[in-house]
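Summary of structural features
Take a look at the letters that make up each chain.
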Amino acid sequence: MILVTGAGGKTGLAVITAATQRGLAVRALVRRESRTAAAQQAGAAEVVVGDMTRAAVVREAAEGVTAIYHIAPNMNPQEMHMGQMAIQAAQSSGAHLVYHSVLHPHTEEMPHHWHKLRVEEEIFMAGVNFTILQPAPYMENILAYWAAMQARGVYAVPYPPDTRLSLVALGDVAVVAAEVLANPAAHRGATYELVGTAALSQGEIAAVCGGLLGREVVAEEMPLLEWELQAQANGLPALAIHTLSRMFAYYGRYGLVGNGNVLRWLLGRAPTTLAEALRG
Ligand SMILES: NC(=O)c1ccc[n+]([C@@H]2O[C@H](COP(=O)([O-])OP(=O)(O)OC[C@H]3O[C@@H](n4cnc5c(N)ncnc54)[C@H](OP(=O)(O)O)[C@@H]3O)[C@@H](O)[C@H]2O)c1
């Protein structure tokens with residue numbers, strides 16, 4: 001049995017699906033009862049409902065498991081505390097800890113990356129068996145812009161069109177997660193950057209989307225302030241707006257460039273392309 005935390009979110013469900021397909025039995029830790037059905041549909045054999053900021057919840061959920069796949073919620077101020085809860089649960093259960101980190105956690109300008117680096121540091125010092133996965137932004141995030149691209153032919157992002165970002169298909173990340181969970185000893189102590197594409201400009205991403213939509217799509221920069229006002233109007237919490245704004249500013253200044261060699265090696269095949277991921 002393995003434990004997946006943050007199991008009711010998009011990453012968690014993808015990891016449960018891939019792990020189950022790999023023949024692993026999964027216990028899913030979800031925050032709300034209403035996510036139980038989704039976790040079961042993804043293949044979870046057991047579902048625990050609880051708050052992963054609470055030590056007893058995570059410790060009890062980890063009882064008897066051989067591995068913990070720890071996923072913290074996106075941009076959460078308690079990421080470091082949740083990481084500590086997962087570490088303590090790995091210590092008490094003796095389970096191998098797999099931490100779902102992020103590409104380039106070393107960037108202090110992006111708080112949610114920086115918090116992940118600090119969790120990685122604590123894992124190194126905790127004396128547990130571990131593997132760290134550092135995925136690039138998911139290709140599937142682009143689907144949030146799909147309707148606007150279809151309607152207006154514009155891919156509007158809050159950074160310049162020539163910003164280069166490496167992306168990865170969530171499905172590929174989940175396949176690697178399942179491989180690590182199935183063979184933890186073989187991946188003990190490893191930190192893997194998971195990158196699916198050479199860094200693409202926003203113009204190149206728009207062109208791929210246009211090809212799939214059968215219409216011209218161009219990338220345009222939306223001023224960051226306009227994005228922030230729109231996010232506020234849509235009810236996004238202030239902390240998420242602040243964190244995302246810093247991420248977009250960082251992207252605009254430096255891009256986010258990784259390399260796909262490690263993912264290719266782990267998959268034993270070429271990573272999924274952007275067009276394949278968006279086609280579904
Ligand atoms: N998205 C990307 O492109 C990307 C790329 C690389 C790495 N990552 C990292 O991947 C991780 C997961 O991202 P995601 O987009 O899959 O997140 P997500 O969809 O927001 O899922 C997070 C899950 O955690 C649950 N959760 C929140 N607080 C909890 C608590 N206190 N106790 C138990 N469960 C709790 C949420 O439950 P509710 O449903 O109740 O809110 C949600 O189901 C993040 O750490 C992110 O930084 C993401």
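So, a few notes on the structure that sits alongside this text.

Analysis parameters
- Residues numbered from 1 in each chain as written.
- Predicted model: local features only at pLDDT ≥ 70, side-chain atom pairs only at ≥ 80, totals over all residues.
- Heavy atoms only, no water.
- Axes fitted to C-alpha atoms, helices over the stretch in contact; angles between N-to-C directions.
- Helix = DSSP H or I, 4+ residues; strand = E, 2+ residues; numbered from the N terminus.
- Parallel < 35°, antiparallel > 145°, perpendicular 65-115°, else oblique.
- Left-handed = near helix turned anticlockwise from the far one by under 90°.
- Contact = heavy atoms within 4.5 Å.
- Nonpolar A, V, L, I, M, F, W, Y, C, P; charged D, E, K, R; others polar.
- Buried < 20%, exposed > 50% of the residue type's maximum accessible area, 1.4 Å probe, protein only.
- Near = heavy atom within 4 Å.
- Polar contact = N/O pair within 3.5 Å; in protein donor to acceptor, adjacent residues only side chain to side chain.
- Areas by Shrake-Rupley, 256 points an atom, 1.4 Å probe, with all protein chains shown as cover.

In this section: the packing of helix α4 (residues 79-93) against helix α5 (residues 111-126). Closest axis-to-axis distance for the α4/α5 pair is 9 Å, and the angle between their directions is 20 degrees. With respect to α5, the element α4 is oriented roughly parallel. Here the hand of the crossing between α4 and α5 comes out right-handed. Counting all contacts with α4, which are made through Glu79, Met80, Gly83, Gln84, Ile87 and Gln91, the residues of α5 involved are His115, Lys116, Arg118, Val119, Glu122, Ile123 and Ala126. Looking at the contact of α4 with α5, its residues break down into five nonpolar, four polar and four charged.

With respect to the helices and strands, the residue Thr272 is situated in the loop between α11 (261-267) and α12 (274-279). You can call Thr272 buried: its relative accessible area is 16%. Ignoring sequence-local partners within four residues, the contact set of Thr272 consists of Met139, Ala169, Asp172, Gly196 and Ala277.

We now examine the site of the ligand. Around the ligand lies a shell of 25 residues, among which Thr11, Arg31, Arg32, Ala72 and Lys116 are the nearest. Here an oxygen atom of the ligand sits 2.7 Å away from a polar atom, N or O, in the main chain of Ala72. Contact between the ligand and Lys116: an oxygen atom at 2.7 Å from a side-chain N or O atom of the residue. Burial of the ligand by the protein chains amounts to 87% of its free accessible area of 910 Å². A per-class count over the shell around the ligand returns ten nonpolar, ten polar and five charged.

Viewed as axis vectors pointing N to C, helix α1 (residues 10-21) and helix α7 (residues 170-182) meet at an angle of 55 degrees, and their least axial separation amounts to 8 Å. It follows from the interaxial angle that α1 and α7 lie oblique. As for the relative orientation of α1 and α7, their crossing is right-handed in sense. Taken together, the residues of α7 that come into contact with α1 (itself represented by Lys10, Thr11, Ala14, Val15, Ala18 and Ala19) are Leu170, Ala174, Val175, Ala177, Ala178 and Leu181.

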